[in-house]
Amino acid sequence: MAAPTLTRDPPPTPAPGRGLSDRTRAERRLGWLLAGPAFAVMLLVTAYPILQAVYDSLFDFRLTDPTNREFVGLSNYGVILSDPIWWTSIGVTLLITVVTVAVELVLGFALALVMIKMLRAIRPVIRAAILIPYAVITVVSAFSWQYAFSLDSGFVNSWFGWLPGIAADTDWFGGTASSLFVVCLTEIWKTTPFISLLLLAGLAQVPEVLQEAAKVDGATWWQRMWKVTIPNMKAAIMVALLFRSLDAFRIFDTIFVMTGGANSTESVAFLAYRQTIERLEIGLGSAVSVLLFLSVTLISVLFIKGFKIDLSQTRGDR
Amino acid sequence: MSQHRRRRGAVVAAVVALLATLVGCGGAEPGPPVLTWYINPDDGGQAEIAKRCTEAAAGQYRIAVSQLPREASDQRQQLIRRLAANDSSIDIMSLDPPYVPEFAQAGFLAPVPQDVAARASEGVIRSAVEGATWQGRLVAVPFWANTQLLWYRKSVAAAAGLDMNRPVTWEQLIQAARSQNSQVAVQGRRAESLTVWINALIESAGGSIVTDPSVGNPEAIKLGLTEEQATRAAEVIRNLAAANVGGPALSTAGEDENVAAFEDGAAGFMVNWPFVWTRAKSGVEDRTLDQSVPQDYGAALYPEVVAGTPSAPPLGGIDLGVGAFSRNPALSYQAIECITSAENEAYYFVENGNPAARSAVFDDPRVIEAFPMAATIRDSLEQAAPRPQTAYYSEVSASLQRIYHPPGAVDPATAGQRAAELIRAVLAKKELL
């Protein structure tokens, strides 16, 4: 008797699964309500300009000559992709991205390890000290590094004169390689704190029990690092790498201040600036911007596919 | 062009500009119309002139200044963007002469009334009027006119046996510097100052970068870059770099870096604007520079490219334009006439070191006292040549900078041809810049 009743009648209290889905639905609705306004604003301030840029990129349009605006289809893209300057800029931008992100990852990881091992009492102080470069405005940091390396006000040549290749009259901004070296150095100095902070958050997420279990099993420090720590913070590493790569790919201020694009040090963002702001060619410049946007999207997709991580699942509940 | 700005002056100007903006914001208040004057940063002279003219207007108008970015190219960008959006807050603008045609062609300048134009070109240095003219009409009012001189250390020139009372050639300078183990400081940095140098060299050789701007069909622009004169000019650049007298920072040096090299004695010769003198004087006042240094300074006319052919020194300065969307164009031109009075130009020359556009000002005893080389500046202005006058100046200048930088890599045989091809391709929108 009891069994048929159980199967026939709906249970007095909802089954756990359906109850949760009710709550999930409510949660989801609340989520939309909370995120909705922000989502709308994002659409307004990002989607609208992006679409406008895509539209503008199909025209031959100079800001001072609006009456001669003319639809040219994809020909702006043809001009850009067949121009060697575009490919040089892509090369320079990729070089800066790869070099800075690689160095920053290693340095940032080391700093994160230092910070996590630090005594609790001085940890906030150290963390703040490490973060200072990131708090400096990019233009300001670019100027200070430029002054440090420039011939008339710089100290680098006299401090490092004992190194081979550096003399009192070494003009760092006079050549492509040396200019890019200083640009990369500035970027690394400035944004390593950002990467190390993200990695610190990842490190803190690695469960201590796993470390202890590995220790009990006799794993060395290196083994624990490679088999326990790093696999467990894969998501944090990916987020750090992704954000920094996107950031590095859009580099502009440092190059603008230091070389002004001389000696083939133009980045893609600089090229977009030249066409849009300096030449006032809205059509051509928008096309460069759209291509920059596509490159950045491509980088994101590659990272997310490459790391095989679903970011929405990384709330700790795997 | 170059404006020397001391930090103190900039701060004062910024504060004044800020106050002026705050005052200007209260648009609803009764009183005379407020004219907004967009100024390039200086040592506070334009703000002071604005104040004087406001007083002189006796309630007819008030001038509020608003400061533009530091670099001339950034000033242009900001003004163009605003004017493209029909900004009616722009009454008076301080414009760098090479950009005047672009503003005029785009219809961003209110037409100069005929009587104002007549008065604005009378007694004003020829090259300054030429620089403010587009399509045969005066489209802006010359306010001050800048030019580069050949600055030299008297001791170095004497040791090299150069007679500086007579015009010298680039070739002589290079030899003199080499014999004295000194430098000839030129602006080799990839910036507008490089175009200034290239243009002065080509004009001095008797040529021109743009021979016909071909208004309305920019692709058909006629260029003089493949002419023999342009080759002569490129040879000067190559020779200077090859002789190793450009200094270690030849490819990165701008006006400020070069003055520093000239002050500390590394460079015995330099082509630069007259702010060099103001800077040396204030250096002595601030005790950062020994008195003997400016005493050793000499100023002569810009070097010749071809011996015996007078040089064509660079022309800079500021022209005043009235925004096409201004609500008070007539009053603005009235204010401009006050700003460009001989009295105010003399004040600006003496206090901020910016040479006047009016010839008579150079005879003012205050000017002669402050600038013993005032006569040389006027002579230089008389034979100065403007930079290429085209509505696409920015493209032309950036293309030249790309080909002629770094100076050490300039090949006179091909540079002109390459630059001409690039300019044509850029104007036809077939190439990036």
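Quick caveat, the model's predicted, so the values are computed rather than measured. (Residues numbered from 1 in each chain as written. Chains lettered and ligands numbered in written order. Predicted model: local features only at pLDDT ≥ 70, side-chain atom pairs only at ≥ 80, totals over all residues.)

**Side note on the overall build of chain B**
- In terms of regular secondary structure, chain B is built from 19 helices and 13 strands.
- The C-alpha atoms of chain B give a radius of gyration of 21 Å, which matches the 22 Å a tight globule of 433 residues would have.
- Taken over the C-alpha atoms alone, chain B extends approximately 70 × 55 × 35 Å along its principal axes.
- Looking at chain B residue by residue over its 433 residues, the buried ones come to 60%.
- Nonlocal contacts in chain B, meaning residues at least 24 apart in sequence, comprise 74% of its contacts between residues at least 6 apart. (Helix = DSSP H or I, 4+ residues; strand = E, 2+ residues; numbered from the N terminus. Rg over C-alpha atoms; globule rule 2.2 N^0.38 Å. Buried ≥ 20, exposed ≤ 12 C-beta atoms within 10 Å, placed from the backbone. Contact = placed C-beta atoms within 7 Å.)

**A few points about the overall build of chain A**
- A tally of regular secondary structure across chain A gives 14 helices and 2 strands.
- Computed over C-alpha atoms, the radius of gyration of chain A comes to 26 Å, more than 25% over the 20 Å expected from 2.2 N^0.38 for 318 residues, which places it beyond the range of a compact globule.
- When its C-alpha atoms are laid out on the principal axes, chain A stretches across 95 × 60 × 30 Å.
- Restricting the contact set of chain A to residue pairs at least 6 apart, pairs at least 24 apart contribute 71%.

**What to know about the domain arrangement of chain B**
All names here are of chain B.
- Segmenting chain B into domains produces domain 1 (34-139 + 315-383) and domain 2 (147-313 + 388-427).
- Here domain 1 and domain 2 have C-alpha centroids that lie 26 Å from each other.
- Facing the 21 residues of domain 1 at the interface are 21 residues of domain 2.
- When contributions to the side of domain 1 that touches domain 2 are tallied by element, the ones reaching two or more residues are α3 (72-84), α4 (100-105), β13 (315-322) and α17 (374-382). (Domains from an automatic or database assignment.)

**Looking at the pairing of strand β1 (residues 34-39) of chain B**
All names here are of chain B.
- Of all 6 residues in β1, 6 are buried, a share of seventy percent or more.
- Judged by which residues are buried, β1 turns out to be covered on both faces: V34, T36 and Y38 on one side and L35, W37 and I39 on the other are all buried.
- Sheet analysis places β1 next to strand β2 (residues 62-67), joined by 6 bridges and oriented parallel. When the bridges of β2 are listed, V34 appears paired with R62.
- Note that the unit made of β1, helix α2 (residues 45-56) and β2 has a crossover that is right-handed. (Pairing = 2+ DSSP bridges. Right-handed = clockwise from strand over helix to strand, strands pointing away.)

**Examining the interface of chain A and chain B**
- Each partner contributes to the interface: chain A provides 27 residues, whereas chain B provides 24 residues.
- When residues of the side of chain A that touches chain B are traced back to their parent elements, those giving at least two are α3 (75-81), α4 (84-117) and α13 (268-278) of chain A.
- Top element by residues in the side of chain A that touches chain B is α13 of chain A. It accounts for 5 residues.
- A per-class count over the side of chain A that touches chain B returns 12 nonpolar, 5 polar and 10 charged. (Nonpolar A, V, L, I, M, F, W, Y, C, P; charged D, E, K, R; others polar.)

**A look at the sheet that holds β13 of chain B**
All names here are of chain B.
- Ordered by their spatial adjacency, 5 strands build an open sheet running β2-β1-β3-β13-β6, and the pairing between neighbours is mixed. Because the sheet does not close on itself, it has two edges, and the strands there are β2 and β6 (141-147). Across the sheet, the mean angle from the axis of one strand to that of its neighbour is 20°, orientation sign disregarded.
- In terms of strand pairing, β6 meets β13 through 6 bridges, oriented antiparallel. Looking across to β13, one finds that P142 is bridged to D319.
- The strands touched by α2 within the sheet are β1, β2 and β3 (92-95), with β2 carrying the most contacts at an inclination of about 165°. (Axes fitted to C-alpha atoms, helices over the stretch in contact; angles between N-to-C directions.)

**Focus on the pairing of strand β11 (residues 267-272) of chain B**
Residue and element names in this part refer to chain B.
- Within β11, 6 of the 6 residues are buried, which leaves it mostly tucked inside the rest of the structure.
- Examined bridge by bridge, strand β7 (residues 149-153) and β11 share 4 bridges and lie antiparallel to one another. Bridge pairing links L150 to V271 in β11.

**Here's the deal with the nonpolar core**
- Ranked by internal contacts, the top residues of the largest apolar core, which has 196 residues, are L199 of chain A together with V184 of chain B.
- Sort the elements by how many residues they give to this core and helix α8 (residues 176-205) of chain A lands first, with 10 residues.
- Counting only domains with at least three residues in this core, you end up with domain 1 (34-139 + 315-383) and domain 2 (147-313 + 388-427) of chain B.
- Here L199 of chain A is in contact with G108, F109, A112, A236, I237 and A240 of chain A, once residues within four sequence places are set aside. (Core = buried A, V, L, I, M, F, W, Y, C linked by C-beta atoms within 7 Å.)

**Describing the confidence of the model for chain B**
Residues and elements named next belong to chain B.
- Predicted confidence across chain B gives a mean pLDDT of 91, with 93% of residues reaching 70 or more.
- Considering each helix and strand of chain B separately, the mean pLDDT is smallest for helix α1 (residues 7-25), with a value of 54, and largest for β7, with 97.
- Note on residues 1-5: pLDDT is under 50 here. Beyond four places in sequence and across chains, it has 20 contacts.
- Complex prediction metrics read pTM 0.86 and ipTM 0.83. (pLDDT = per-residue confidence, 0-100.)

**Remarks on the sheet that holds β11 of chain B**
All names here are of chain B.
- Spatially, β8-β11-β7-β12 is the arrangement adopted by the 4 strands of the open sheet, whose pairing is mixed. Of all strands in the sheet, those with a lone pairing partner are β8 (183-185) and β12 (297-300), marking the two edges. With strand direction ignored, the average angle separating the axes of adjacent strands in the sheet is 20°.
- Strand direction decides the pairing type here: β7 and β12, joined by 4 bridges, are antiparallel. Counted as the bridge partner of Y152 is G298 from β12.

**Quick notes on helix α11 (residues 234-249) of chain A**
All names here are of chain A.
- With 16 residues, α11 extends 22 Å from end C-alpha to end C-alpha; this agrees with the ideal 22 Å at 1.5 Å per step.
- The complete set of buried residues in α11 reads A236, I237, M238, V239, A240, L241, L242, R244, A248 and F249.
- In the core, the buried residues of α11 are packed alongside α4, α8 and α14 (282-307). (Expected span 1.5 Å × (residues − 1).)

**Points about unusual backbone geometry**
Residues and elements named next belong to chain B.
- At the junction of H405 and P406, the peptide bond is cis and its omega measures out at -5° in the coordinates.
- Assignment of secondary structure puts P406 in the loop between α18 (393-404) and α19 (415-427).
- A positive phi angle is found at A58, which is not glycine, with a value near 50°.
- Mapped onto the fold, A58 is located in the loop between α2 and β2.

**Details of the confidence of the model for chain A**
- Residue-level pLDDT values for chain A average 87, and 91% of them are 70 or greater.
- Every residue in residues 314-318 of chain A scores below 50 in pLDDT, and together they form 4 contacts with partners more than four places removed in sequence or on other chains.

**Brief notes about the environment of L433 of chain B**
- Tracing the chain through its elements places L433 of chain B in the segment after α19.
- Counting along the chain gives 38 residues from L433 of chain B to E395 of chain B, while the straight-line C-alpha distance between them is 7.8 Å.
- Ignoring anything within four residues of it in the chain, the contact list for L433 of chain B reads R274, Q275 and R279 of chain A together with E395, A398, S399 and V426 of chain B.

**Remarks on helix α5 (residues 114-121) of chain B**
All names here are of chain B.
- Taken together, the buried positions of α5 are A117, A120 and S121. Buried residues along α5 cover an arc of 85° about the axis, so they all sit on one side. Turned more than 90 degrees off the buried face of α5, the exposed positions are D115 and A118.
- Here the buried face of α5 lies against α6 (126-131), β5 (137-138) and β6.
- G123 sits one or two positions beyond α5 and adopts a positive phi of about 75°. (Arc of directions from axis to C-beta.)

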